[in-house]
Structures are given as C-alpha cells and as structure tokens.
Amino acid sequence: MQNPFLPPPKKSLQEMTQEEQAEQGAQQIMAVISSCPGKAIMSGVSGYVLGGFFGIFMASMAYDTPVGTGIQNNPLSQMQDLPLKQQMKIQFKDMLARTYSSAKNFGYIGMIFAGVECGVESFRAKNDIYNGTIAGCITGGGLAIKSGPQAALVGCAGFAAFSSAIDLYMRSENGRPPANDYDM
Amino acid sequence: MSMFLNQQSLQTVDETKLQYAEIQYDAMKSTLNTIFAQCSQKCIPLDYGENDMNKGETVCTDRCVSKFMQANRLLGAFAHRVRLSESDLSHYEQIKRKYLSGN
C-alpha cells in the first residue's frame, strides 16, 4: 500500500493545468521570500531605499560645511565665486555621497539583522524575542568592529536593547487564543 | 458509473484483506493523531498574533514530524522482530485504570 504520509507525486510542468501552474509558481515564490536568504535580501534592499531617503533628508539639513572666515584661498569663498550651475553640481555631488553612504549603512544593517535573526530562529526552532536580541548584538557589534572591541561591545548592547524593545512592543498584542468564539 | 463498466468490482471483498486494511487504517490514524497532538504541543506555543506559522514553528514542526516517523519506523521494526502482541501490552490497561480513577 502506498505510504499516505508522503506528498503526492509531483507532476511535471506540462501536465499541470494553468491554475495548477500558477499555484505552483506562487508556492515557489512564497518559498523563496520566506527563506532566510530571501528575507535578508528583501530587508537589505528596503534598508537601502530607506537609507537613501534618510540620507537625502539629512544631507539637505547638513550644517558642517566650513564657514567662510575671510581668509584668502578659502575653499568656501572660492566656491561662492563660481557660477550657480557649478555650485549646484558640487552640492549635488556632496549630497549624493552622503545619501549613498547612509543607504549603504542602512542596507547593511537590514540585511545582516534579518539574515542573522532568520538563521538563529531556524537553528533554535523557537519564536521568541531572544532571536532579535542575538541578531541585534551581532549586527551592532559587527558594524562597529572596525572601531575596536569596546565600540563593538557598546554597539552590540545598544542594538540588542533596541531590537528587544521593538520586539516586546510588537508582541504586546499577542496572547492565548480565546477558549471559544462565543463568549470572550 | 465506473461500477457498471468494470464488472470486477462487483465481486465480494475478501474478509482478511478488509481486516488487514482496517488494522492499517487504525494504525495510521493513531499515528497521525499522535503526531498532531505531540508536535503541536511541543512546537506551537499558545502565544501568537497572526494566523500564519512563523519560521521557528515551521522548522520545529518539520523536525518533530521527521523524528517521530523515524522513531515510529524503528519501533515498528522492533515490534515486528520480537512479535509484539496485545498481551505484552496488558500492563497499560492497569496504568490507564489507575490514572483515570484519580490515584
């Protein structure tokens, strides 16, 4: 007797009708999106875009350009002598550099955090807040590791605390299901 | 409609084969129900906020079912080898009676 616990034999692509093909395609897409690499890439891309917007906003409010003091050969006074178009070109280049660096940072944060959290959750086979805590620590520590071990520790603690706070807030609405649908 | 085209299906069913099928069905039903109960108890906590299973629950359920089936297969082979029968499991009735009587 055929083992009923096994899934039915897969039909090749030609044997399936249009609906079944669409369903198979949708299933594959959902499998890729909910896998760990898919989650990491999606999070990284959305972090990149968000970081771009954030960078544009922050660049337009930047106040750390050198203030002109009237000294000769001051780069700012030299810049102010240029025609408008070239001034704008210089400013746009600066804004683009800031935007790109901010986008890159946010993209890294998103990708690493989502990837590590998904991996830790798959490893532990549990869904609680400690996945986010561990992932936050690795993300924060990993991004700050070039500035030495103390900065890495501070980054780890800060990011883990931030991630735990957000997770606790998102889970505050979860709870047991009601005993029945009639009287709550 | 096929029962008019295929005359063979009008023959009587073999009694031993029917019993065999019933036993197999009971075994598989009990295995499946035990898998549902055990794996949902171990893997799916009663604290959730959405209707989809998340990654941890999915992975846990996969592993639980796989381990259960492996253990089921090993124990089935063992029971077949030592020719386990109902008389060997008679002590479970006593345990059940004792548990249900509230001791």
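Residues numbered from 1 in each chain as written. Chains lettered and ligands numbered in written order. Predicted model: local features only at pLDDT ≥ 70, side-chain atom pairs only at ≥ 80, totals over all residues. Heavy atoms only, no water.

Per an unreviewed UniProt entry, chain B carries the name Mitochondrial import inner membrane translocase subunit and comes from Ambrosiozyma monospora. UniProt's Sequence similarities (unreviewed entry) comment on chain B is quoted here verbatim: "Belongs to the small Tim family." Recorded under Subcellular location (unreviewed entry), the UniProt text for chain B is reproduced unchanged: "Mitochondrion inner membrane". (UniProt positions renumbered as here; feature names shortened; annotations may be inferred.)

A.B. asks: Give a detailed account of helix H2 (residues 36-60) of chain A, specifying residues and quantitative values.
C.D. replies: Under the 1.5 Å per step criterion, the end-to-end length of H2(A) is 36 Å for 25 residues, consistent within 8% with the ideal 36 Å. Residues of H2(A) that are buried include every one of A:Cys36, A:Gly38, A:Ala40, A:Gly44, A:Gly47, A:Gly51, A:Gly52, A:Gly55 and A:Ala59, and no others. Buried residues in H2(A) make contact with helix H1 (18-33) and helix H4 (84-124) of chain A together with helix H3 (55-81) of chain B. (Helix = DSSP H or I, 4+ residues; strand = E, 2+ residues; numbered from the N terminus. Expected span 1.5 Å × (residues − 1). Buried < 20%, exposed > 50% of the residue type's maximum accessible area, 1.4 Å probe, protein only. Contact = heavy atoms within 4.5 Å.)

A.B. asks: Any chance you could break down H4(A) for me, citing the residues and the numbers?
C.D. replies: For H4(A), which comprises 41 residues, the first-to-last C-alpha distance of 59 Å matches the rise-based estimate of 60 Å (1.5 Å per residue) to within 8%. Residues of H4(A) that are buried: A:Thr99, A:Ser102, A:Ala103, A:Gly107, A:Gly110, A:Phe113, A:Ala114, A:Cys118, A:Val120, A:Glu121 and A:Ser122. Buried-residue contacts for H4(A) involve H2, helix H5 (130-143) and helix H6 (149-171) of chain A together with H3 of chain B. Looking one or two residues beyond H4(A), the residue adopting positive phi is A:Ala125, at roughly 60°.

A.B. asks: Run through the pattern of salt bridges, naming residues and quoting values.
C.D. replies: On inspection of all chains with the given rule, the structure shows three salt bridges over all chains. Where A:Asp94 meets A:Arg98, a salt bridge forms, and the shortest distance between an N and an O atom there is 3.4 Å. Of this pair, A:Asp94 and A:Arg98 both sit in helix H4, four residues apart, which is roughly one turn of the helix. A:Asp94 gets classed as partly exposed once you look at its relative accessible area, which sits at 35%. For B:Glu93, the salt bridge identified is with B:Lys96, shortest N-O distance 3.9 Å. With B:Glu93 and B:Lys96 both in helix H4 (residues 91-100) and three residues apart, this pair spans about one turn of that helix. For B:Lys96, a relative accessible area of 45% translates into the label partly exposed. (Salt bridge = Lys/Arg side-chain N within 4 Å of Asp/Glu carboxyl O.)

A.B. asks: Explain the interface of chain A and chain B to me, and be specific about the residues and the numbers.
C.D. replies: Counting residues at the interface gives 18 residues for chain A, matched by 15 residues for chain B. Of the roughly 1400 Å² buried between chain A and chain B, counting both surfaces, carbon and sulfur atoms make up 61%. The tally of links between chain A and chain B comes to zero salt bridges. Inspection of the chain A/chain B interface yields eight residue pairs in polar contact (both at pLDDT 80 or more). The set of elements that each furnish at least two residues to the side of chain A that touches chain B consists of H2 and H4 of chain A. In terms of residues, the side of chain A that touches chain B owes the most to one element, H4(A), which gives four residues. Its residues assigned to classes, the side of chain A that touches chain B comprises eight nonpolar, six polar and four charged. (Buried area = accessible area lost by both parts, 1.4 Å probe. Polar contact = N/O pair within 3.5 Å; in protein donor to acceptor, adjacent residues only side chain to side chain. Nonpolar A, V, L, I, M, F, W, Y, C, P; charged D, E, K, R; others polar.)

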